[in-house]
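Structure assessment
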Amino acid sequence: MTSDGGGTVIDLRPVAKPAEFEDTVRPHMEYLYGLAVRLCGNRTAAQDVVQAALLRAFRGFGRLRNREQPRLWLTRILTRCHIDRFRAEHEAEETLSLDDETRFDLFDKITEEDPFPYSDRVHLDFLDLFDDERILEVLQRLHPAHRTAIILAYVYGFTAREIGEMTAATTGTVLARLFRGRKQLERGLWRYAEQRNLLRRGAPA
Amino acid sequence: MISCKEAVSRLYAYLDRNLGRIPEAEVEEHLKLCRHCCGELEFAKQVRTALRRSGASTALTPEVRTHIEAYVKQLENKRGTKR
């Protein structure tokens, strides 16, 4: 079965039928684009990254075993394309001033500062300040390696192990990035709200 | 019972079911009795919900979709001519 009469090895990988690649990726376009926008922070770069990912996916399509569920595979390719495109940013030192940043706890900060007096759902009121556009802006303030981990874990529900595989990092590194990313995110949300004067605290009565 | 500091430090690992060797029961027992940490857990979940908000800024516009689909077609066609 593995060779023809002439002794040549036959490639047993299923030959892609016409438009099979297209049919496989089409249902995931919306998903890939949303992920790319979140990773890149702008539409132009997102479209470039999606196209680079599709080219890479097309070239490696023969190696995709499970064509019914290509999402994990496509996510890994897109994430790698993003890392390649923004390599310098990804490789920048992942700093976090331990004293300041890791002690910051957004839940406690909101409780203490009470930015919405008279509200009995002050924490929810705070989060309600952030629509998709503002969330995107705050995410862009994170280190790309932290942002990538946060987005893949908290927006799309991938496990630390899966993210490690996607970003060529150990699970331990991913967990550290999630911790730092979360702290940066909490800080970032608070700073954003302060800078944009979104908090009622201190407003004239 | 474990302290609030301890509970909060494990909260996210708990939320991600990533505690590993550390028993979940300790966190659960603390959460049952501590309103502060319960609030913090609830808040952590809400932050994630906020991160998932999608709208015009993350949506694929018809123009971009057309563009990307044309790109994929072009890839398929190129392969067609190679064979």
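Residues numbered from 1 in each chain as written. Chains lettered and ligands numbered in written order. Predicted model: local features only at pLDDT ≥ 70, side-chain atom pairs only at ≥ 80, totals over all residues. Heavy atoms only, no water.

This part is about the overall build of chain A. When helices and strands are tallied, chain A shows twelve helices and zero strands. Of the regular secondary structure in chain A, the N- to C-terminal order runs α-α-α-α-α-α-α-α-α-α-α-α. Considering chain A as a whole, with its 205 residues, one finds that 50% of them fall into the buried category. Nonlocal contacts in chain A, meaning residues at least 24 apart in sequence, comprise 71% of its contacts between residues at least 6 apart. As displayed, chain A offers around 10700 Å² of accessible surface, 49% of which is attributable to carbon and sulfur atoms. (Helix = DSSP H or I, 4+ residues; strand = E, 2+ residues; numbered from the N terminus. Buried < 20%, exposed > 50% of the residue type's maximum accessible area, 1.4 Å probe, protein only. Contact = heavy atoms within 4.5 Å. Areas by Shrake-Rupley, 256 points an atom, 1.4 Å probe, with all protein chains shown as cover.)

Turning next to the packing of aromatic side chains. Residues and elements named next belong to chain A. Scanning the entire structure with this criterion turns up eight aromatic pairs over all chains. On the numbers, 5.1 Å between centres and 75° between planes, the contact of Phe-21 with Phe-58 is edge-to-face. Within this pair, whereas Phe-21 is found in helix α1 (residues 20-25), its partner Phe-58 is found in helix α3 (residues 43-59), the two being separated by 37 residues in sequence. Here Phe-21 and Phe-58 have matching classes, each one buried. Both rings, one in Phe-130 and one in Tyr-192, keep their centres 5.7 Å apart while their planes meet at 50°; by these two values the pair is tilted. Highlighted residues: Phe-130 in the loop between α8 (122-128) and α9 (132-139) and Tyr-192 in helix α12 (residues 171-195), separated in sequence by 62 residues. Classification of Phe-130 as buried rests on a relative accessible area of 1%. A connected cluster of aromatic rings, assembled from ring pairs, spans Phe-21, Phe-58, Phe-61 and Trp-73. The cationic tip of Arg-71 hangs over the ring face of Tyr-31; the distance from NZ or CZ to the ring centre is 3.9 Å. (Phe/Tyr/Trp six-rings, centres within 6.5 Å; stacked < 30°, edge-to-face > 60°. Lys NZ or Arg CZ within 6 Å of the ring centre and 35° of its normal.)

Our focus in this paragraph is the nonpolar core. Most often, soluble globular proteins have nonpolar side chains that are buried together. In terms of nonpolar packing, the biggest core is built from 86 residues, with Phe-21, Leu-54, Leu-78, Phe-126 and Phe-130 of chain A touching the most fellow members. Of all the elements, helix α2 (residues 29-40) of chain A adds the most residues to this core, at nine residues. Not counting chain neighbours up to four residues away, the residues in contact with Leu-54 of chain A comprise Phe-21, Val-25, Met-29 and Leu-32 of chain A together with Ile-68, Tyr-71, Val-72 and Leu-75 of chain B. (Core = buried A, V, L, I, M, F, W, Y, C linked by side-chain atoms within 4.5 Å.)

Before going further, it helps to examine the packing of α2 of chain A against α3 of chain A. All names here are of chain A. The N-to-C vectors of α2 and α3 enclose an angle of 130°; their axes lie 8 Å apart at closest approach. With respect to each other, α2 and α3 are oriented oblique. The two elements α2 and α3 meet at a crossing, and its hand is right-handed. Contacts between α2 and α3 involve Met-29, Leu-32, Tyr-33, Ala-36, Val-37 and Cys-40 from the former and Arg-43, Ala-45, Ala-46, Gln-47, Val-49, Val-50 and Leu-54 from the latter. Classifying every residue of the contact of α2 with α3 by side-chain character gives eleven nonpolar, one polar and one charged. (Axes fitted to C-alpha atoms, helices over the stretch in contact; angles between N-to-C directions. Parallel < 35°, antiparallel > 145°, perpendicular 65-115°, else oblique. Left-handed = near helix turned anticlockwise from the far one by under 90°. Nonpolar A, V, L, I, M, F, W, Y, C, P; charged D, E, K, R; others polar.)

In this assembly, 47 residues from chain A lie in contact with 35 residues from chain B. Buried area between chain A and chain B, both sides added, is near 3800 Å², and the carbon and sulfur share of it is 60%. For the chain A face of the interface with chain B, the top three residues by lost area are Phe-107, Asp-132 and Tyr-154 of chain A, together amounting to 17%. Linking chain A with chain B are three salt bridges. The partner of Arg-53 of chain B in a salt bridge is Asp-128 of chain A, with the nearest N and O atoms 3.8 Å apart. Elements supplying a minimum of two residues to the side of chain A that touches chain B: α1, α2, α3, α7 (106-113), α8, α9, α10 (144-155) and α12 of chain A. The leading source of residues in the side of chain A that touches chain B is α3 of chain A, at seven residues. Along the lines of polarity and charge, the residues of the side of chain A that touches chain B split into 28 nonpolar, four polar and 15 charged. (Buried area = accessible area lost by both parts, 1.4 Å probe. Salt bridge = Lys/Arg side-chain N within 4 Å of Asp/Glu carboxyl O.)

Residue and element names in this part refer to chain A. Here chain A averages 88 in pLDDT, while 87% of its residues score no lower than 70. Summarising per-element confidence for chain A, the mean pLDDT is lowest in helix α6 (residues 98-103) (67) and highest in α2 (97). Counting interchain partners and residues more than four positions distant, the pLDDT-below-50 stretch residues 1-5 has eight contacts. (pLDDT = per-residue confidence, 0-100.)

To continue, consider the packing of α9 of chain A against α12 of chain A. Residue and element names in this part refer to chain A. At a closest axis distance of 9 Å, the pairing of α9 and α12 adopts a crossing angle of 120°. Between α9 and α12, the crossing angle belongs to the class labelled oblique. In terms of crossing hand, the pair formed by α9 and α12 is right-handed. Contacts between α9 and α12 involve Arg-134, Ile-135, Glu-137, Val-138 and Leu-139 on the former and, on the latter, Leu-185, Gly-188, Leu-189 and Tyr-192. Of the residues in the contact of α9 with α12, the class split is six nonpolar, one polar and two charged.

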